Amino acid sequence: MKLRHIVLFLLCLAGAAAAPSRSAAADPPPKGVALVLSGGGARGVAHVGVLKVLEDMRIPVDCIVGTSMGAIVGGAYAAGMELGDMVREINAVDWINLFASSVPREDQPFRDKQDAARNRSAITLGYGRGGLRLPQSAISGQGMDTFLTRLAGDAEVLDSFDSLALPYRAVATDLETGELVLLDKGPLWRAMRASMAVPGVFLPIENDKRLLVDGGLVMNLPVDIGRELCGGRVIAVNLGTPPYARERLRSATDIALQAINLALEQNVRQQISHLGPDDALIQVELPGITSRDFERALETIPYGTEAALRQSASLARFSVDEDTYAKWQALRQFRWHKRAPVVADIKVEGLKFVPERLFGATLTQKVGEPLDFQKLEQDIARIYERGDFDRLRYSVLHDGPRATVQLDADEKASGPNLLRFGGGLAADFEGGSQVGLYAGLSRRWLNTRGGRWDTDLQLGTTNRIRTELFQPLDLDSGWFVAPSIELFNRVLPVFADERKVSENKEKGGLIGFDAGYEVGMWGELRAGWRRGRRTSQVVSGLELFPERRIEEGWVHAGAILDRLDSPFFPRRGYAARVRAELHSPTFGADRRYFFTELDGDVATTVGANVFRLHTLFAGSPDRDLPEIGRTLLGGPFRLSGYRYGELAADQVALVSASYYRQITRLPDALGRGVYAGASAEWATLRNRGPSAIPDPGRRRAWSLFLGADTTIGPIYVGASYLPEVGEVRYYLQLGQP
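Residues numbered from 1 in each chain as written. Predicted model: local features only at pLDDT ≥ 70, side-chain atom pairs only at ≥ 80, totals over all residues. Heavy atoms only, no water.

For the protein chain, the count of helices and strands is 15 helices and 33 strands. Going through the 737 residues of the protein chain one by one, you find that 51% of them count as buried. Surface summary for the protein chain: the accessible area is close to 32,500 Å², and the carbon and sulfur share equals 56%. (Helix = DSSP H or I, 4+ residues; strand = E, 2+ residues; numbered from the N terminus. Buried < 20%, exposed > 50% of the residue type's maximum accessible area, 1.4 Å probe, protein only. Areas by Shrake-Rupley, 256 points an atom, 1.4 Å probe, with all protein chains shown as cover.)

The structure is reproduced here in structure tokens:
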């Protein structure tokens, strides 16, 4: 959480301190039992354990009021969800991805994955008429919205939460004024979401022209509201926000969070003081579990059960007979199991540059069919994963047995046009290095069929500018065409006996045309043609390869499969790439040769340990292979310790096995984690034709490394022993040069 957002928290608290007590209402409260559930982040799942005890003791309640996580658990229960189903939903949640600011890599568009794998989108900015547009800094909450929709059942728009099986209220805070806002109508999921929208963590929720954030800022245990709504008597469940111990207060952020926790405790104590002798207070102690420990959420349920059992004597007076309780329970669950309406219309609001026909081409939920919430959520997830929206939500407006599905689209703040930056540096600590700086311009939605124009610029050891028009044949078709133009200028080192003996400079250009098929989010089939020329000349050292002009022309076909969860330090998944090129005078080339390449990668996790296997097979059966067709090795996991281009061959077979373990997790704003590991690499390299460079033969590398998977790309620092060279070499790589 950024410090400015924490300061905003404190300002809201200060404004809320002057809010009048809700207990000052003139009208006497109605008679009944109000269940009041406090906030507490991950600790709030302990409310499920309390509810289990209330059910076992046959204690019905007449209304529920909650704040933050208390509003989520309470809202699902008020809608009629059974506790067993609630536990299963909570257990099924991937909490890390739920609070991530981006879509998991497995679900990202294929082209975005490939840009990330080449470190071409480490920094992304939007641009438009207003200049540069920064992406959102907080979590959009798309995953949380989907989770809350499932908890809420049918996400219909209600005139009043009094029409739920149990009357319900959620507490939120007006971000502009600091006032308490009581949510009593609208989509149930939205009320739950607004009540726990922590500033700086989740984006605020707009409701009735107000920006709403976490209700705990003003009333974390809303006893007064519960008594006003239905409670002559109140059962209050407080999870507390215990202060951090001194050893935890190590930064300005920790100190600010401590101040917030202390302020929350003040408003909780004030509400507890309003409880009377006919009320009950369940105080849940959760040692060692903080509000941010969502991966331990299910561990809190037994603590809630134990706390409620300790108060069984005071709770006994709320108990009723079996028949009365059975009728109450049947009424509560009635709404949850009601029949789905028929969809009369589907409306989309909020679109600016994304065409509405995208929804018609993607949605499998059709007008005239019964509403299938699971199908609708899957459709929305597929549209959201395309990367055009910050948030994409839906509501269901009922009209008897028919309903209208309304989709609310919040397009990305950065807009349809993107500037992408990346690159990197590789160094061998012996004076050798390779550097590359990358900038890209992407213009999306050139037309209603999803046309996209990408221009890529690379400066450094290799200078390149390339532009491609990627044009799908239609929105619901994976087929595409992609014409391209490329200009390049690069310096290639030539090594002999582990020494760089010369440098060759190549420059030229290519034009091309590809056609292919994108296989969902995880693969691509592509074939095409290239035509161009290049010049080659020696810029330093021995003239091993003569200066000349080379005409090029070839056809190619290939396939890419990418289901890794990270391109640099994957924990699970697999990827493969196969490519074949036929260079021939028929297509304009000076020489004829055939080239193939197969690149595979697989990663698996055992506990905290990750094992990764990478293979590369490349080469040509032709004995007269030109130097531009040779495969270059060197760098991390491509014979680590060897310099880039130090090994070149007509035929290459490489196997790299690595092990690594995460030693610390990075904040989301910085990346995923820091790793320690080792690798063992074997390669066989052959030169089939005559060459001034000796046949490399067999090569091996054994490495130890530290690495980090950061938002600006991978970082590797390692030491590698090379048996064929007989020495230890050190290497460093930042990003992808």
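Read across the sheet, three strands follow the order β13-β15-β14 without closing on themselves; strand pairing throughout is mixed. Strands at the two margins of the open sheet, each flanked by one partner only, are β13 (342-349) and β14 (389-399). The mean inter-strand angle of the sheet, taken between neighbouring strand axes irrespective of direction, is 20°. Both β13 and strand β15 (residues 402-411) contribute to a ladder of seven bridges, which runs parallel. Looking at the pairing, V343 lines up with A403 of β15. (Pairing = 2+ DSSP bridges. Axes fitted to C-alpha atoms, helices over the stretch in contact; angles between N-to-C directions.)

On to the pattern of salt bridges, then. Counted according to the given criterion, the structure contains 53 salt bridges. Among the salt bridges present, the one from R444 reaches D388, with a minimum N-O distance of 3.2 Å. Highlighted residues: R444 in the loop between β17 (433-443) and β18 (452-460) and D388 in the loop between α15 (373-384) and β14, separated in sequence by 56 residues. The pair R444 / D388 is uniform in exposure class, with both members buried. Two residues, E486 and R464, come together in a salt bridge whose shortest N-O distance is 2.3 Å. Within this pair, whereas E486 is found in strand β20 (residues 479-496), its partner R464 is found in strand β19 (residues 462-472), the two being separated by 22 residues in sequence. Exposure remark for E486: the relative accessible area of 12% places this residue in the buried category. (Salt bridge = Lys/Arg side-chain N within 4 Å of Asp/Glu carboxyl O.)

A residue-level look at the protein chain finds 88% of positions with pLDDT of 70 or above and a mean pLDDT of 85. Predicted confidence is poor over residues 1-26, with pLDDT under 50, and the contacts of this stretch with residues over four places away or in other chains come to 48 contacts. (pLDDT = per-residue confidence, 0-100. Contact = heavy atoms within 4.5 Å.)

The biggest cluster of nonpolar side chains holds 72 residues, and the ones touching the most others in it are M86 and Y168. When residues no more than four places from it in sequence are discounted, the contact partners of Y168 are I64, A71, G74, G75, A78, F161, L183, L188 and M192. Core analysis: the second largest hydrophobic core is formed by 24 residues, L358, L376, A403 and L475 among them. (Core = buried A, V, L, I, M, F, W, Y, C linked by side-chain atoms within 4.5 Å.)

Next up on the list: the packing of helix α2 (residues 46-56) against helix α4 (residues 83-92). Between α2 and α4, whose axes approach to 11 Å, the crossing angle comes to 165°. Comparing the axis directions of α2 and α4 gives the class roughly antiparallel. Handedness of the crossing formed by α2 with α4: left-handed. Seen from α2, the contacting residues are V48, L51, K52 and E55; seen from α4, they are L83, M86, V87 and I90. Residue composition of the contact of α2 with α4, grouped by class: six nonpolar, no polar and two charged. (Parallel < 35°, antiparallel > 145°, perpendicular 65-115°, else oblique. Left-handed = near helix turned anticlockwise from the far one by under 90°. Nonpolar A, V, L, I, M, F, W, Y, C, P; charged D, E, K, R; others polar.)

Looking now at a nonpolar patch on the surface. On the surface, a nonpolar cluster with roughly 450 Å² of combined accessible area is contributed by L437, L457, L459, I465 and L487. Looking at where L457 falls in the secondary structure, it is placed in strand β18. Taking relative accessible area as the criterion, L457 reaches 35% and is therefore assigned partly exposed. (Patch = residues over 30% accessible without salt bridge, like charges linked within 9 Å, V, L, I, M, F, W, Y side chains within 5 Å.)

Most of strand β6 (residues 168-174) sits out of view: seven of its seven residues are buried. Side chains of β6 alternate between two faces, with Y168, A170, A172 and D174 and R169, V171 and T173 buried alike. Where strand β2 (residues 63-67) meets β6, four bridges bridge the pair, whose relative direction is parallel. Paired with T67 across the strands is V171, a residue of β6. Relative to strand β7 (residues 180-183), β6 is paired through four bridges, and the arrangement is antiparallel.

Here helix α13 (residues 322-334) is 13 residues long and its end C-alpha atoms lie 18 Å apart, about the 18 Å a rise of 1.5 Å per residue gives. Those residues of α13 that sit buried are Y325, W328, Q329, R332 and Q333. Buried residues of α13 fall within an arc of 125° about the axis and therefore sit on the same side. Opposite the buried face of α13, at more than 90 degrees from it, the exposed residues are D323, K327, A330, L331 and F334. Here the buried face of α13 lies against α2 and α3 (69-79). The residue sitting at the N-terminus of α13 and contributing the capping side-chain oxygen is D321; that oxygen lies 3.1 Å from the backbone nitrogen of D323. (Expected span 1.5 Å × (residues − 1). Arc of directions from axis to C-beta. Polar contact = N/O pair within 3.5 Å; in protein donor to acceptor, adjacent residues only side chain to side chain.)

Quick look at the packing of aromatic side chains now. The geometry of two aromatic rings is summed up by the distance between their centres and the angle between their planes. Applying the stated criterion across every chain, the model contains 13 aromatic pairs. Their ring planes at 75° and their centres at 5.5 Å tell us that F637 and Y716 sit as a pair that is edge-to-face. With F637 in the loop between β27 (631-633) and β28 (647-649) and Y716 in strand β32 (residues 713-722), this pair connects stretches of sequence that are 79 residues apart. Judged by relative accessible area, F637 falls into the buried class, the value being 13%. By relative accessible area, which is 6% here, Y716 ends up buried. Among the aromatic residues, those joined into a ring-pair cluster are F569, F637, Y660, Y675, F705 and Y716. Here R111 stacks its cationic end above the ring of F470, 4.1 Å away from the centre of that ring. Just above the ring of F637 sits the side chain of R612; from NZ or CZ to the centre is 5.8 Å. (Phe/Tyr/Trp six-rings, centres within 6.5 Å; stacked < 30°, edge-to-face > 60°. Lys NZ or Arg CZ within 6 Å of the ring centre and 35° of its normal.)

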